[in-house]
Amino acid sequence: MAGFQSLPGFREFYPEDFSRRQHIFRHWRKNASAFGFQEYDAPVLEPLELYKAKSGDEIEGQLFNFTDKGGRDVALRPEMTPTVCRLVGAKAGALKRPIKWFSIGEFYRYERAQKGRLRAFHQFNADIFGEPGPEAEIELIALLIQCLAGFGLTKDDFYVRLSDRDLWFFYLAALGFNDTQVPGILAAIDRFEKMGDDAFKGYAEAHGVLVPELKEKILAFLQIKTLPELETALAPCLTDKISQRIGEWRKVIAGLSAMGLGEFISVDLGVVRGLAYYTGFVFEAFDRKGDLRALAGGGRYNDLIKKLGYADLPAVGFAIGDVTTGLLLEQRGLTPTFVNAPDIYAVLGGEAERQAAFADIHALRAAGWRVDYPLKDVAFGKQFKTAAESGAKLALIYGGDELAKGVVKLRNMSDRTEQEIPRDQVLSVVRDFLSGR
RNA sequence: GCGGCCAUAGCUCAGUUGGUUAGAGCACAAGAUUGUGAUUCUUGGGGUCGCGGGUUCGAAUCCCGUUGGCCGCCCCA
């Protein structure tokens, strides 16, 4: 294997791979647009400081960062959130509300590659800014579901786990934990699913072993699967904040149910997500079988824009990755075959026929149809085979017999019927045929 | 960053105790077939056996290193 290899964790998109990627992007873009989101884009290379400001100095270990020729510390973007916060923050006062934005871009993380996790990957990001209420969550979670369901995935293929960092803070406060203890508990909750009881070791080292009675209450809270169960569990420790929060939960669940999406949602307080900047609802989408990494994740981050030095603007957002999504579609047989198939394949008898066909071929292409033809003379049989394999809807046959009669033969590739059409009507007949007659 | 497994054609793999010029199926291309998508047959292109070093008369095969891949840990924005 001479020559060069691509860098570890980076993908190359041969046309077949690229068409699958385009299929995914097209759906995301179409759905975001249907939900009234505006597309934006931004630099791939950013100041290193932008990510340190958001996530702390430790983040550098997981970034693709370097010093540029001007001595600037820079990093390839590992995520969109800080960037979009800057964009929105810088013009917050001038932007019409609600601010509903999305983008599709490539991101880079300097990590060891694993299944569903590479060093370069694409993400669809959608965010709503300036809306403090749960209406924004409804809108975003509905979009998230549609961005997966739009491919043909159903509630049996994936689901969205909905959790709430605020509620954990309120609940833990009601149980008597103070502000220095809560982060340790949340870290343990985050790990509990994977590690079991050992997840509480870190907390025990910092604050002493957890009182068994409190641990029971926390683990019971983790088991909650429905809104009524949640309400029952919180009944003994109702505060104003908790009551208000339950009201917002009801609103989110009711809204999504009214859209017919209730069955995609699972109440699951085990999701607190790694990063500390989330402030309210958090949610993650997983495949039902559970053998893939997270498909998507997001939540509310009301403090971040202010933390980056801009206005105090509430925000919710989520991201879907193309790697895991692609794996799931592959598993479910939902990857299309002829994404970039031509509309028309021209079958050419010989050199004279080729010259004659060129006028039509170019006119059809200029009119927007996808037209292909063989670049050198090949037998008719081969041409039809090529036409069939290309996925073309129809073939236009330019043979000696046809041209002598002043016609072109149009073959419907799906039902194999043929008809002769006068040369000067090719454009209009093809248009009628391809637009469904 | 740490640990385990793996690496032969575009893909899936075979390759005997180390022994002549490294094979198969699929895929691709040409032909049988000078006007119709199947099947079949024939032929062809494509490999410095991931890379580098060592042992040996001789290495795809054994040893060391290295790079890459997969899996797990850390992390997962």
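Residues numbered from 1 in each chain as written. Chains lettered and ligands numbered in written order. Predicted model: local features only at pLDDT ≥ 70, side-chain atom pairs only at ≥ 80, totals over all residues. Heavy atoms only, no water.

Caption draft 1: Molecular detail of the protein's contact with RNA strand B. For RNA strand B, the set of nearby residues contains 38 residues, the closest of which are Lys115, Arg117, Glu402, Arg411 and Glu418. Counting only the atoms of RNA strand B within 4 Å of the protein, the fraction contributed by sugar and phosphate is 47%. The contact in question runs from a base nitrogen of RNA strand B to an N or O atom on the side chain of Arg109, over 3.3 Å. Separating a base oxygen of RNA strand B from a side-chain N or O atom of Arg293 is a distance of 3.3 Å. Those elements giving two or more residues to the surface near RNA strand B turn out to be helix H6 (182-195), helix H14 (380-390), helix H15 (400-405) and strand S15 (407-412). Among the elements that make up the surface near RNA strand B, the one with the highest residue count is H14 (five residues). Split into classes, the residues belonging to the surface near RNA strand B amount to eleven nonpolar, eight polar and 19 charged. (Near = heavy atom within 4 Å. Polar contact = N/O pair within 3.5 Å; in protein donor to acceptor, adjacent residues only side chain to side chain. Helix = DSSP H or I, 4+ residues; strand = E, 2+ residues; numbered from the N terminus. Nonpolar A, V, L, I, M, F, W, Y, C, P; charged D, E, K, R; others polar.)

Caption draft 2: Region of the structure containing the domain arrangement of chain A. Parsing chain A into structural domains produces domain 1 (15-331) and domain 2 (344-434). Here domain 1 and domain 2 have C-alpha centroids that lie 52 Å from each other. (Domains from an automatic or database assignment.)

Caption draft 3: Inspection of the confidence of the model for chain A at higher detail. Averaged over all residues, the pLDDT of chain A equals 91, while 98% of them reach at least 70. With a pTM of 0.91, the predicted complex shows an ipTM of 0.84. (pLDDT = per-residue confidence, 0-100.)

Caption draft 4: Structural view of the layout of surface pockets. In this model, the second largest pocket occupies a volume close to 320 Å³. Lining of the second largest pocket is provided by 20 residues; of these, Arg11, Phe13, Arg20, Asp322 and Gly326 occupy positions nearest its centre. Mapped onto the lining of the second largest pocket, the elements with two or more residues apiece are helix H1 (15-34) and helix H12 (322-331). A class-by-class count of the residues in the lining of the second largest pocket yields nine nonpolar, four polar and seven charged. (1 Å grid on protein atoms, 1.4 Å probe; cavity = no way out; pocket = protein on both sides within 12 Å on 5 of 7 lines; lining within 4 Å. Points joined across faces, edges and corners; volume = space filled by probe spheres on them.)

Caption draft 5: Focus on the nonpolar core. Ranked by size, the top nonpolar core spans 74 residues in total, and within it Phe124, Trp168, Phe177 and Ile218 carry the most contacts. In terms of residues, this core owes the most to one element, helix H4 (residues 135-149), which gives ten residues. In this structure, Trp168 is in contact with Ser163, Leu186, Ile189, Ile218, Phe221, Leu222, Leu269 and Val272, ignoring residues within four places of it in sequence. (Core = buried A, V, L, I, M, F, W, Y, C linked by side-chain atoms within 4.5 Å. Buried < 20%, exposed > 50% of the residue type's maximum accessible area, 1.4 Å probe, protein only. Contact = heavy atoms within 4.5 Å.)

Caption draft 6: Summary view of the pattern of salt bridges. Applying the stated criterion across every chain, the model contains 29 salt bridges. For Arg86, the salt bridge goes to Glu46, with nearest N and O atoms at 2.6 Å. Remark: Glu46 occurs in strand S2 (residues 45-47) and Arg86 occurs in helix H3 (residues 81-90); sequence separation between them is 40 residues. What emerges from the salt-bridge pattern is a single network uniting Glu402, Lys409, Arg411 and Glu418. (Salt bridge = Lys/Arg side-chain N within 4 Å of Asp/Glu carboxyl O.)

Caption draft 7: Structural detail: the packing of H1 against H12. Two numbers describe how H1 lies on H12: the axes approach to 11 Å, and their chain directions differ by 105 degrees. Judged on the interaxial angle alone, H12 and H1 are roughly perpendicular. Contacts between H1 and H12 involve Arg20, Ile24, Phe25 and Trp28 on the former and, on the latter, Asp322, Thr325, Gly326, Leu329 and Glu330. Of the residues in the contact of H1 with H12, the class split is four nonpolar, two polar and three charged. (Axes fitted to C-alpha atoms, helices over the stretch in contact; angles between N-to-C directions. Parallel < 35°, antiparallel > 145°, perpendicular 65-115°, else oblique.)

Caption draft 8: A look at the sheet that holds S2. Pairing within the open sheet is antiparallel, and its three strands lie in the order S2-S4-S3. Single-partner strands in this sheet number two, and they are S2 and strand S3 (65-67). Direction aside, the axes of adjacent strands within the sheet are offset by 35 degrees on average. Examined bridge by bridge, S3 and strand S4 (residues 73-76) share three bridges and lie antiparallel to one another. Bridge pairing in S4 links Thr67 to Asp73. (Pairing = 2+ DSSP bridges.)

Caption draft 9: Up close: the environment of Ala387. For Ala387, the position within the fold is in helix H14. Overall, Ala387 belongs to the buried group, its relative accessible area being 0%.

Caption draft 10: Broad picture of H14. Along H14, the residues that are buried comprise Gln383, Ala387 and Ser390. For H14, the arc enclosing every buried residue in end-on projection is 70 degrees, short of the 170-degree limit, so these residues lie on one face. Exposed residues pointing more than 90 degrees away from the buried face of H14 are listed as Gly381, Lys382, Lys385 and Glu389. Against strand S12 (344-348) lie the buried residues of H14. (Arc of directions from axis to C-beta.)

Caption draft 11: Structural view of the side chain of Asp127. Looking at where Asp127 falls in the secondary structure, it is placed in strand S6 (residues 120-129). Look at Asp127: it is buried, it has no salt bridge, and the nearest opposite charge is Lys54 at 9.7 Å. (Lys, Arg positive; Asp, Glu negative; His and termini not counted.)

Caption draft 12: Quick look at the packing of aromatic side chains. The final tally for this structure, using the stated rule, is 20 aromatic pairs. The rings of Phe25, Trp28, Phe102, Phe124 and Phe318 are connected pair by pair, giving a single aromatic cluster. It is Arg77 that lies over the ring of Phe107; its NZ or CZ is 4.7 Å from the centre. Sitting above the plane of the Phe281 ring, Arg245 keeps its charged end 4.2 Å from the centroid. (Phe/Tyr/Trp six-rings, centres within 6.5 Å; stacked < 30°, edge-to-face > 60°. Lys NZ or Arg CZ within 6 Å of the ring centre and 35° of its normal.)

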